[in-house]
Amino acid sequence: MYQVKYRLITLLVLLPFVSFAQERGVGIRLGEPLSITYKDFISEYISIEGMIGSAGINGASYYQRDFETNLPQSNAFYISHSAKKGVSFNVRSAYHEDITDVFGITEGYLLGYGGVGVQLRTTKVSYSYTDGQTGTGSAIRVENRTNVDFGPEVFVGAEYYFDDVPISIFGEAGFFLELIDRIGHMKAQGGVGVRYLF
């Protein structure tokens, strides 16, 4: 008798988690940043997500300004730079609403969502400069740096879940705001992707 009660109580406690087990998914996100994504629901409306991938580079003036505000020596004169994508890590949470009926969808279902998160991005930058004005015969020097950016992000999107296959597709757009290393620099982001549900 006690075993039956124990099993029944355990089932009732785990039922909310079991009912959302099909919503857990892993997939790929194409866009900015390009990432592998893992998403899970912690309640009926709230999800958590982790992403790891490769972030795009900023505009040329961004890195030139970074060099000029952090000179390797007092008389350094910027010539050029090259930048390569680094890594990107995102941790975020979103609130979801079922918007299937709004679009008259009869198979599968569509969730609209919006959320916030934090993001860490790196970029490898190689600078060429001289230790004086150009044209004076100064030797060209090279300095390699890793640019690290960190800050919050906001985003909105929609995800469609198919009925017959454990697949969802999604699209979203948002903004990333740097707090480190350039306070206030904002970058538009977005992407589309697919997840396998399990």
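Residues numbered from 1 in each chain as written. Predicted model: local features only at pLDDT ≥ 70, side-chain atom pairs only at ≥ 80, totals over all residues. Heavy atoms only, no water.

(A) View of the pairing of strand 6 (residues 140-161). When strand 5 (residues 109-130) meets strand 6, the two strands line up antiparallel, connected through 22 bridges. Along strand 6, the bridge assignment pairs Gly115 with Phe155. Pairing geometry for strand 6 and strand 7 (residues 167-177), over nine bridges, is antiparallel. The residue bridging Glu159 from the neighbouring strand is Phe170, located in strand 7. Between strand 6 and the antiparallel strand that follows it, strand 7, lie five residues. (Pairing = 2+ DSSP bridges. Helix = DSSP H or I, 4+ residues; strand = E, 2+ residues; numbered from the N terminus.)

(B) Just the pairing of strand 7, in detail. Along strand 7, the buried face is formed by Ser168, Phe170, Glu172, Gly174 and Phe176; none of Ile167, Ile169, Gly171, Ala173, Phe175 and Leu177, which line the opposite face, is buried. Sheet topology places strand 7 next to strand 8 (residues 186-197); 11 bridges connect them, and they run antiparallel. Residue pairing for strand 8: Gly171 is matched across the bridge by Val192. (Buried < 20%, exposed > 50% of the residue type's maximum accessible area, 1.4 Å probe, protein only.)

(C) Structural view of the side chain of Arg182. Summarising the element assignment, Arg182 is placed in the loop between strand 7 and strand 8. The side chain of Arg182 is buried and forms no salt bridge, while Asp66, the nearest opposite charge, is found at 4.7 Å. Within the structure, the side chain of Arg182 is placed 2.8 Å from the backbone oxygen of Tyr62, a separation counted as a polar contact. (Lys, Arg positive; Asp, Glu negative; His and termini not counted. Salt bridge = Lys/Arg side-chain N within 4 Å of Asp/Glu carboxyl O. Polar contact = N/O pair within 3.5 Å; in protein donor to acceptor, adjacent residues only side chain to side chain.)

(D) View of the pattern of salt bridges. Under the criterion given, the structure shown has 12 salt bridges. In this structure, Arg145 engages Asp66 in a salt bridge whose closest nitrogen and oxygen atoms are separated by 3.8 Å. Of the two residues, Arg145 sits in strand 6 while Asp66 sits in helix 2 (residues 60-69), which places them 79 residues apart along the sequence. The same class applies to Arg145 and to Asp66, which are both buried.

(E) Geometry of the environment of Arg195. Following the sequence through the fold, Arg195 ends up in strand 8. Residue Arg195 is classed as buried on the basis of its relative accessible area of 2%. Distance from Arg195 to Phe170, taken between C-alpha atoms, is 8.3 Å for residues 25 residues apart in sequence. With residues up to four places along the chain from it excluded, the contact list for Arg195 reads Gly25, Val26, Gly27, Thr37, Lys39, Glu49, Glu159, Pro166, Ile167, Ser168 and Phe170. At 3.3 Å, the side chain of Arg195 and the side chain of Thr37 are in polar contact. Among the polar contacts listed, one links the side chain of Arg195 to the side chain of Glu49, at a separation of 2.8 Å. (Contact = heavy atoms within 4.5 Å.)

(F) How the structure looks around unusual backbone geometry. The omega angle of the peptide bond from Glu32 to Pro33 is -5°, so this bond is cis rather than trans. Relative to the assigned elements, Pro33 resides in the loop between strand 1 (25-32) and strand 2 (34-41).

(G) Spotlight on the confidence of the model for the protein chain. Predicted confidence across the protein chain gives a mean pLDDT of 88, with 86% of residues reaching 70 or more. When the criterion is pLDDT under 50, residues 4-22 qualifies, and its contacts beyond four places in sequence or with other chains add up to six contacts. (pLDDT = per-residue confidence, 0-100.)

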